[in-house]
Every structure is written in C-alpha cells, then in structure tokens.
Amino acid sequence: MVRLHDGGILAKIAAFSSFWGRIINTNGIRKDPQFPALVLAAGQAARMGRFKQLLPLPGGGSLLSHAVSQARLLSSNTWVVAGAGYPLIRYRCHCSPSRWLYNARWSEGLSSSLIAGIRRMPGEALGVFVLLADQPMLAEGGLERLARRARQSPGIPWAACYGRRVGVPAWLPRHVWPEVLALRGDVGAGLVLNRSGARPVDIAGVHQDIDTPEDWESAVRRLAEQAG
C-alpha cells in the first residue's frame, strides 16, 4: 500500500512548519517533469541501531537532507520514498523535496521502495534518477556528469561505475521500468542496470555508504576535513 501524503493533515503540518518547503512542493514538478529524481530512504537501518536518515552531518542537516541536496544536482523535481521512521524523518529533514512518498511495504526490501516510487512518477517522465539516502561522499562533479549524460541520451541507462559492475546513483529510462517493477525482496536497481547494459559514469564516493556507526564516524571526519 502506497500513500502520497500531500493535502492531508500531515502535509498541512509540514507546510505550516516550513513555508519554503511548501514553495518547493508547488514549483518543483513543473521545473523538471521529464527528469525526476527518486531518493530511496525507507529502510530501518538495523545495523546502525537508529534511523540513519536522521544522523547529523557537519555543517548542519541530516544524512537525508544531504541526500536531497545531492538529488537536486540531478533534478529540481526530487521525490523521497520513506518508510521506517515516517513521519518523524520528514519533520526533521531540513531540506524539503518536491514530494514525500510513504511506502507502507518498506519491510519487504529495497525493491518495494523502488517500485513504489516508479509507479508514482509523472506521465511525462522519460525516466528517473535513483539515489540512496546513505552515500554522503558522492562527488558533485560525478552527479552533474550523470545528469548531463541522461539529458543528452535519455533512452540509455546510465549508472555509477563500481569497477566491473554498475549501480546507483543511476538513470533508469522508462523502457526498463517493467523489469524494475518485476523485482522482489531486498534487491535494488543494480540488477536491472547490469542486465540492461547500462553505461558507466565515474562518480567518486560510491563505495562509501553508511551502514554502521563506524561508517558514519568515518564519513563525518571526511566531510569535516572537506569543509575545513
């Protein structure tokens, strides 16, 4: 079951507490309808022991806020798929996306959130950018490179290079969506991207995701060094 929480009581509370977030909600879709971006942030983060979406990063904001900012390098039309910890993570996210999408089936694995997001993409979308909420070290230049490649050739799958394979962040053109919708369990877009021959894009930082407290501490140190 998937619910788009816009216009309900929760959305009204969020809009009241963040006028700027409300402006983004009303303008974002019109700005980039053909190239939306989807941030997957519905997991429980069992190995972290807390909702990692809310982990604070240097300079203010949370891990999820940072992911939304990353998504905006790809598209002004950014969506977040939430699940575990919702609506708490929404109200503590300092960077409002264009839309929040709640996936009540988040416990079924990553594929359920990917499917939930794709099913709600606008009809004019040529594809969708997909990002995870726990890769704070992604290089801006790499994300901008991905955005350019997708806009130049939107019918081609583009994905971050992981050596011999590819994965997210990625651009999934509409013609591969049926394969994504057939995924089940804790499987992400990587399976479809590698099977469809996605073209690699170099994005530094893809190997550094946040799964454990040690991962988080390492990322905080590196981000603080970069900021300093």
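### As for the packing of aromatic side chains
What the rule picks out here adds up to four aromatic pairs. An angle of 50° between the planes, with centres 6.3 Å apart, marks the rings of Y86 and W100 as tilted. Of this pair, Y86 sits in the loop between strand 3 (78-82) and helix 4 (88-91) while W100 is found in strand 4 (residues 99-103), placing the two residues 14 residues apart along the sequence. W100 shares its class with Y86; the two are buried. With a centroid separation of 4.7 Å and 55° between ring planes, the pair formed by F129 and W171 is classed as tilted. On the criterion of sequence distance, the pair formed by F129 in strand 5 (residues 127-132) and W171 in strand 7 (residues 166-173) is long-range, its members being 42 residues apart. These aromatic residues form a ring-pair network of at least three members: F35, F129 and W171. Stacked on the ring of W216, the Lys or Arg R50 has its end atom at 5.5 Å from the ring centre. In this structure, R165 is placed above the aromatic ring of Y162, and the distance from its NZ or CZ to the ring centre is 4.7 Å.

### Points about the side chain of S65
When you line up the elements, S65 lands in helix 3 (residues 63-72). Once you skip the residues sitting within four places of it in the chain, S65 turns out to touch C93, H94 and C95.

### Remarks on helix 6 (residues 140-152)
Counted at 1.5 Å a residue, the expected span for helix 6 with its 13 residues is 18 Å, and the 18 Å between its end C-alpha atoms agrees. Of the positions making up helix 6, those classed as buried are G142, L143, L146, A147 and A150. Down the axis of helix 6, the buried side of the element spans an arc of 145°, and every buried residue falls inside it. In this structure, helix 6 carries E140 and Q152 as exposed residues pointing more than 90 degrees from its buried face. The secondary structure elements touched by the buried residues of helix 6 are helix 3, strand 5, strand 6 (158-161), strand 7 and strand 8 (199-201).

### Focus: the pattern of salt bridges
Tallied over the entire structure, the rule returns five salt bridges. When the shortest N-O distance is used, the salt bridge between D134 and K52 registers 2.8 Å. In this pair, D134 sits in the loop between strand 5 and helix 6 while K52 sits in the loop between strand 2 (37-41) and helix 3, placing the two residues 82 residues apart along the sequence. Among the residues examined, D134 registers a relative accessible area of 9% and is labelled buried. The class for K52 is buried, based on a relative accessible area of 15%.

### Structural notes on the side chain of D32
Positionally, D32 belongs in the loop between helix 2 (19-31) and strand 2. Looking at D32, its side chain comes within polar contact range of the side chain of R151, at 2.5 Å. Sequence-distant contacts of D32, defined by excluding residues within four places in its chain, comprise L74, S75, S76, N77 and R151.

### Examining the environment of L126
Along the polypeptide, L126 turns up in the loop between helix 5 (110-119) and strand 5. Residue class for L126 comes out partly exposed when judged on its relative accessible area of 34%. For the pair L126 and A150, spaced 24 residues apart in the sequence, the C-alpha separation amounts to 9.6 Å. With sequence-adjacent residues up to four places away left out, L126 is seen in contact with Q34, F35, P154, W171, P173 and R174.

So, how was this worked out
Counting restarts for each chain: residues are numbered from 1 in the order of the written sequence. In keeping with the model being predicted, local features are shown solely for residues with a pLDDT of at least 70 and side-chain atom pairs are shown and tallied solely at 80 or more, while totals for entire chains, interfaces and linings include all residues. The basis for every side-chain value is the complete set of non-hydrogen atoms in the structure, without hydrogens or water. Centres within 6.5 Å make a pair out of two Phe, Tyr or Trp rings, where for Trp the six-membered ring is used; the pair is then stacked when the planes are under 30 degrees apart, edge-to-face when over 60, and tilted otherwise. Only runs of H or I of at least four residues qualify as helices and only runs of E of at least two qualify as strands under DSSP, and these elements are numbered from the N terminus. The classification of residues rests on relative accessible area computed with a 1.4 Å probe and restricted to protein chains. Under 20% of the type maximum is buried, over 50% is exposed, and intermediate values are partly exposed. Counting as a charge over the ring demands two things of the Lys NZ or Arg CZ atom: a distance within 6 Å of the ring centre and an angle within 35 degrees of the ring normal. The criterion used for residue contact is that any of the two residues' heavy atoms lie within 4.5 Å. The span you would expect from a helix comes to 1.5 Å times its residue count less one. Picture the helix axis, draw a direction to every C-beta atom, and the arc is the one those directions span. We define a salt bridge as a side-chain nitrogen of Lys or Arg found within 4 Å of a carboxyl oxygen belonging to Asp or Glu. N or O atoms closer than or at 3.5 Å make up a polar contact, with two conditions inside protein: a donor-capable atom paired with an acceptor-capable one, and, for residues adjacent in sequence, both atoms drawn from side chains.

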